[in-house]
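Coordinate analysis (summary)
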Amino acid sequence: MSRTVVPGIVHKNSLSAFVNKAGKDFKKNWVLYLMILPVVAYYIIFHYWPMYGIQIGFKDFNIAKGYMGSPWVGLKYFQQFFESFYFGRVLRNTLMISIYELIFGFPAPILFALLLNEVKNRRFKKYVQTISYMPHFISAVVICGIILNFCVSDGLINDVIALFGGERSSLLQDMKNFRTIFIASGIWQNLGFNSIIYFSAISTVDQELYQAAIMDGANRFRQVWHITLPSIKPTIVILLILSIGSLLSVGFEKIILLYNPATYEVADVISSHVYRMGLQKLNWSYGAAVGLFNSVANLILLILANRISRKVSEVSLW
Amino acid sequence: MKKTLLKAACFTIAIVTLFVTLTACTEGSKTGSTTLSTASSTTSATVTTTAGNEPVYPLKTDVKLTYWSEMNPNVSANYKNSGDTPFTQELAKRTGIQVEYIHSTTDEAFALLMAVNELPDIIEYWWDAYPGGAAKAVADEKIIILNEIMEEYAPNYTKWLKDHPEIARQIRWDEGYYIGFPAVNGDGTINIPFMGPEIRKDLLDKLGLAVPETVDEWYNALNGFKDLGIAAPYTGSKGYRTDFIARAYGISLGDMGTGGMYVVDKKVVYGPMQPAYKDFLTTWRKWYAEGLIDKDIATVDANLTKAKILDGGAASTIAYISNLQTYNNTAREKLPEYKMVAAPMPVLKKGDVNKLSYLSNPYTPSDVLAVITKSCKHPDIAARFLDYLWSEEGNLLANWGTKDKTFTVDADGKHHYTDFVLKNPDGWSIGKVKGGYMRNYASGPFVQDALTGLETFQIPEQFEAADLWSKNASKEHVLPPLRRTAEEDEEYTKIMEEVKVYSEEALLKFMFGTMSLDDYDKYIVQLKSLKIDRAVEIMQAAYERYLKK
C-alpha cells in the first residue's frame, strides 16, 4: 500500500517528517513539555552530566590537579580490586544478600498488599497501612541501634528465646544469624512503603471481574489467584526486573552498623569493603573504579532480566 | 474561561518549578565556592621586626588575615564563628593583627578548597587528607615552607624547636622542610598514660581481693565477679577490647590505632604475629569460654558498655582517666559505695614491669597543622600571628586562658583553673568554657600543656590513677612518628587494610573458639601470604630513615 499523499505537504525523508510531527505536537501540547522540562533538566544536570567524572576510575585522581590534570593509570584500580584477597568473598556476600532479599523481601510487600486488600473494614485497613509506612522513614542508624540492643545476650530477642527454653547467645556475633537479621529487619522496615505501589495496582482492577467470578462460584482465594494476581503481574514483573538491576548494590550504612569482625565472613560486601579502603587517604579513584564495575554489572543483569522477561511474559521495561 | 485559567496555572507552576530547580543548582555551587572575596588587603603595613629591644606585639598593622579551619563543637555550641570568642578577640588584641575566620561547612570542604586558585592566608587542617601530604602541597605550589622566614618572623617557634631537638626532628620533613605550625601535645616531660585498666574496688573488697597486678590475679578477680552474679566481669566497647592483657605478654595489638606495629630493640614488629601471641590467645580464649569476658564484646558499642559499667552489669574495663569521674559520680547517685579505680597494667609474673604503656607521642604527623598558603600576600604577618601562641604569654593564653578569669597562679607558681572553668555558673561544660576562652579544647597549632589535664581531676581516684599509671610508664616500645614516601604509603595502606581485616577476624574466631588454636600455624601462613612482612619492611625502612635524620 503506497503512502497516503496529503495535498500540500511534501514528505522528503523520515527525519523531516519526524521534525514536522514533533513541531505539531509541541504546538498542541507545549504545556506538557514545559512541565516535564524541570525533570529532564534534573536528570541531565545531576545524572548524565556528572558521568564524565567516571574517568577518575581510570586516573590517579588528585584533587589539586583536578579531573584534567590527574594522570591516567588505566585499569590499575580495577586490577587492585579484582586481585584483592577479599574480592571473591565480598562479591559472594553481596550477591547472596541480594538474592536472599529478592527471595524473601520481594514477595513480602505483595503478600501484604493482597492480604490487607481482603480486609473489609476500611478504617482498620487505613490504620494498618499508615502504621506500616512509618518504619521506612526511620534512619538506618536508629534502626541498627535498636537491633543491636535487641540482639545482645540479655536483649529482647534472647529473652524470648529463653522463654521458649532456648539458650541465650550473642546473636550478632554469629555468622549464621547475620543474613537473617539483616534481611528480616529490612523487610520490617520497608514492607509498608513498598506495598504502596501494589495497593495502587490492585485498586485498578475492574470490580466487574470479581462480580463475574463470584457468580461462577469462586471463593476469596480463587478470586485472588485468578483475578488480582494476574492483574498486577505487569507491576510485579517490572519491579522484579528493577530489583535484579540493583543486585550488586547493597547499601553500606546498614552493613557497617551491624557487622563486626566476627561476621565479616558473611557481612562484608563490596560497598563496605570500598568504604574502608576509600576511607584511607580519600582514595576516590578506587571508589570510582569499583562503582563503575558495580554499575556495569548491574546494567548487564538488568538487560538480561529484561530480555528474559520479554520472552517469557509479555511484560518488560523496554 | 476555566480552561484558560487552568492552563495559566499549569504554566505558572511549570515555570516556578523550573526556576526552583535552576536556583537550587546555583545555590549549591555558591556554598561550594569559598567566600574568599575578603582576601588580605594590601594597605601598607608597618611592622616592628626587632624582637630584641622593642616589644614585637602588638603589631601596628592594617593587614587583615583570612584563617580557614574547621569549627569545633565546643566552640560552635555557643559561638557562631571563631572570631566571636573571647579567646580570639584577646588574641587579636595582643598580636595587633585582625583575622577573619572562615569555617568549613561540609566534609568535602577541604577538597573543594584545594581546587580553588585563590586560597585563604592560613589553613588549619589535617594535611594528611591532601593526597601526598603537606610536602606534596608544597610541591604543588599551594603552601609555603617556613625555613626562610622562621628565624626572623617566627622566633618563638624557632626557639622552641631548638630547645626540643628530638621533637623538632620528628616535625621536620625528610626534605628538611618546616611546613606550618604543628600541634604538639605536651613536650614529653610529663608522661601520664591516657588510659588503662579500671576495676571495681568495692566489689574486690567484698571478695576480699586486692587490686590485681598479674594476669593470674585478674583471672581470680574476674572469677570472683562472676560468682557475685555479674554477667560481664570484663567488658570493652568495639575499640578497646583485648589489648591490656596482650600487653602483659609483650604484645601490642591493632587496637588504639597503632596498627599493631611497635618497636622492640630497634626493630619494628607486628604484634599479632609474635610467638607470644599464641600464649595470649590461649589465655584469652579460656577466659571467654568461662564467661569472664562480656559475651557480646564484639557488638557492644560505647553506650551499651557505659550502661553496663554504671549499673553493675560489668565490673572492669579499659577507659580514660576522665571516665573515672563520670563512672564514679554518676553511679554513686544510686550506689554510694561504688568505687571504680585504676588498676596497674598487668604482668605475667609478680614484680615484672609492663613496658607497653598507653602512651602516645607529643607529635603525630597526622594531627592538625596550620600552614601559610602561597596566596598569602603577607607571609611575614601570618607567621607572626601563628608564632604568638609559641611565646610564653601566647602559650599561657592558649592553655590557661585569661588571668583571674579562667586561671589563677598559686604561691608555688603553679596554675589552677578557676571555678568559672570547673564549675561554670552558666552550666557550661569544661570543654565549652575552653571553647570560648582558650584554644586547648582540641589540638591546635601550639603546645598543649600536659598539666591542664591534671587540673580537671575532681575525685581522688583520678589522681591515684595518674600516679599509678605513670609509675614505670615507658615509651620504649612506642613507634616515633614516621613518614612514609608516597609509593611506600600506597603499598602499605593496601597491605595493612587486608591484614587488619584478617587479624581482627582471626582474633575473634580464636577467642570464640570457632577457629581452633591448632590452626594457629595456618593463621601465620595466611598473614604472610597477605604480605605482612613487606609492610613491616616498609615501616622498618621509615624507622631507620628517622633514626638517621
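The rules behind each value
Residues numbered from 1 in each chain as written. Chains lettered and ligands numbered in written order. Predicted model: local features only at pLDDT ≥ 70, side-chain atom pairs only at ≥ 80, totals over all residues. Helix = DSSP H or I, 4+ residues; strand = E, 2+ residues; numbered from the N terminus. Buried ≥ 20, exposed ≤ 12 C-beta atoms within 10 Å, placed from the backbone. Contact = placed C-beta atoms within 7 Å. Pairing = 2+ DSSP bridges. Core = buried A, V, L, I, M, F, W, Y, C linked by C-beta atoms within 7 Å. Axes fitted to C-alpha atoms, helices over the stretch in contact; angles between N-to-C directions. Domains from an automatic or database assignment. Parallel < 35°, antiparallel > 145°, perpendicular 65-115°, else oblique. Left-handed = near helix turned anticlockwise from the far one by under 90°. Nonpolar A, V, L, I, M, F, W, Y, C, P; charged D, E, K, R; others polar. Expected span 1.5 Å × (residues − 1). Arc of directions from axis to C-beta.

With that settled, the discussion passes to the overall build of chain B. Within chain B, the secondary structure is distributed over 23 helices and 15 strands. Buried positions account for 39% of the 549 residues belonging to chain B. Considering only contacts within chain B whose residues lie at least 6 apart along the sequence, 75% involve residues at least 24 apart.

Residue and element names in this part refer to chain B. On strand E3 (residues 122–125), burial covers both faces: Ile122 and Glu124 on one face and Ile123 and Tyr125 on the other are all buried. Alignment of E3 against strand E12 (residues 369–372), held across 4 bridges, turns out to be antiparallel. Residue pairing for E12: Ile122 is matched across the bridge by Ile372.

The subject of this paragraph is the nonpolar core. In terms of nonpolar packing, the biggest core is built from 106 residues, with Leu258 of chain A together with Leu222, Phe280, Trp284 and Ala535 of chain B touching the most fellow members. Counting residues per element, this core draws most heavily on helix H21 (residues 486–512) of chain B, at 9 residues. Counting residues in each nonpolar core, the second largest holds 63 residues, with Val63, Ala134, Ala135 and Leu369 of chain B among its members.

Before going further, it helps to spend a moment on the sheet that holds strand E6 (residues 195–200) of chain B. All names here are of chain B. Pairing is mixed in the open sheet, where 4 strands are placed in the order E7-E10-E6-E11. Looking at which strands have only one partner, the edges of the open sheet turn out to be strand E7 (232–234) and strand E11 (340–342). Here the average twist between neighbouring strands, direction ignored, is 35 degrees. Of the pairings in the sheet, the one linking E7 to strand E10 (residues 314–320) comprises 2 bridges and is parallel in character. Note on E10: the bridge partner recorded for Tyr234 is Ser316. Contacting E6, E7 and E10, helix H10 (residues 215–227) runs over the sheet at an angle of about 165 degrees to E7.

Our focus in this paragraph is the domain arrangement of chain A. Partitioning chain A into domains gives domain 1 (1–47) and domain 2 (87–312). With centres defined by C-alpha atoms, the gap from domain 1 of chain A to domain 2 of chain A works out at 41 Å.

Residue and element names in this part refer to chain B. Strand order in the open sheet formed by 5 strands is E2-E1-E3-E12-E4, and the pairing between neighbours is mixed. In the strand order of this sheet, the two ends are held by strand E2 (98–103) and strand E4 (181–182), each with one partner. Sitting on the sheet, helix H15 (residues 379–388) is in contact with strand E1 (64–69), E2, E3, E4 and E12, with an inclination near 160 degrees to E12.

To continue, consider the packing of helix H5 (residues 107–118) of chain A against helix H9 (residues 175–203) of chain A. All names here are of chain A. One way to put it is that H5 packs onto H9 with a least axis distance of 7 Å and a crossing angle of 60 degrees. Classed by the angle they form, the pair H5 and H9 counts as oblique. At the point where H5 passes H9, the crossing takes the right-handed sense. Contact residues: H5 offers Ala108, Pro109, Ile110, Phe112, Ala113 and Asn117, while H9 offers Ile187, Leu191, Asn194, Ser195, Tyr198, Phe199 and Ile202.

Moving on, we come to the interface of chain A and chain B. Interface size is commonly expressed as the accessible surface area that is lost when the partners come together. Listed by partner, the interface residues are 32 residues for chain A and 34 residues for chain B. Of all the secondary structure elements, the ones that give two or more residues to the side of chain A that touches chain B are helix H1 (14–48) and helix H14 (270–279) of chain A. If one sorts the elements of the side of chain A that touches chain B by residue count, H1 of chain A sits on top with 8 residues. Residues of the side of chain A that touches chain B, tallied by class, amount to 20 nonpolar, 9 polar and 3 charged.

Let's shift gears to the domain arrangement of chain B. Residues and elements named next belong to chain B. As far as domains go, chain B holds domain 1 (1–32), domain 2 (37–191 + 361–449) and domain 3 (195–358 + 477–548). The gap between the C-alpha centroids of domain 2 and domain 3 is 35 Å. Counting residues at the interface gives 7 residues for domain 2, matched by 6 residues for domain 3. Among the residues making up the side of domain 2 that touches domain 3, the classes are represented as 2 nonpolar, 4 polar and 1 charged.

What follows is about the packing of helix H11 (residues 220–244) of chain A against helix H15 (residues 284–312) of chain A. Residues and elements named next belong to chain A. Between H11 and H15, the least distance of the axes is 8 Å, while the angle of their chain directions is 155 degrees. Accordingly, the angle class assigned to the pair H11 and H15 is roughly antiparallel. Where H11 crosses over H15, the handedness of that crossing is right-handed. Residues Val237, Ile241 and Ile244 of H11 pack against Leu301, Leu302, Ala305, Asn306 and Ser309 of H15.

Moving on to H10 of chain B. Residues and elements named next belong to chain B. Taking 1.5 Å per residue as the helical rise, H10 with its 13 residues ought to reach 18 Å, and the 18 Å between its terminal C-alpha atoms agrees with that figure. Here H10 has its buried residues at Trp218, Ala221, Leu222 and Phe225. Burial along H10 is one-sided: seen end-on, the buried residues are contained in an arc of 95 degrees. In this structure, the buried side of H10 is in contact with E6, helix H9 (201–207), E7, helix H12 (276–289) and E10. Looking at the residues trailing H10, positive phi occurs at Gly229, about 95 degrees.

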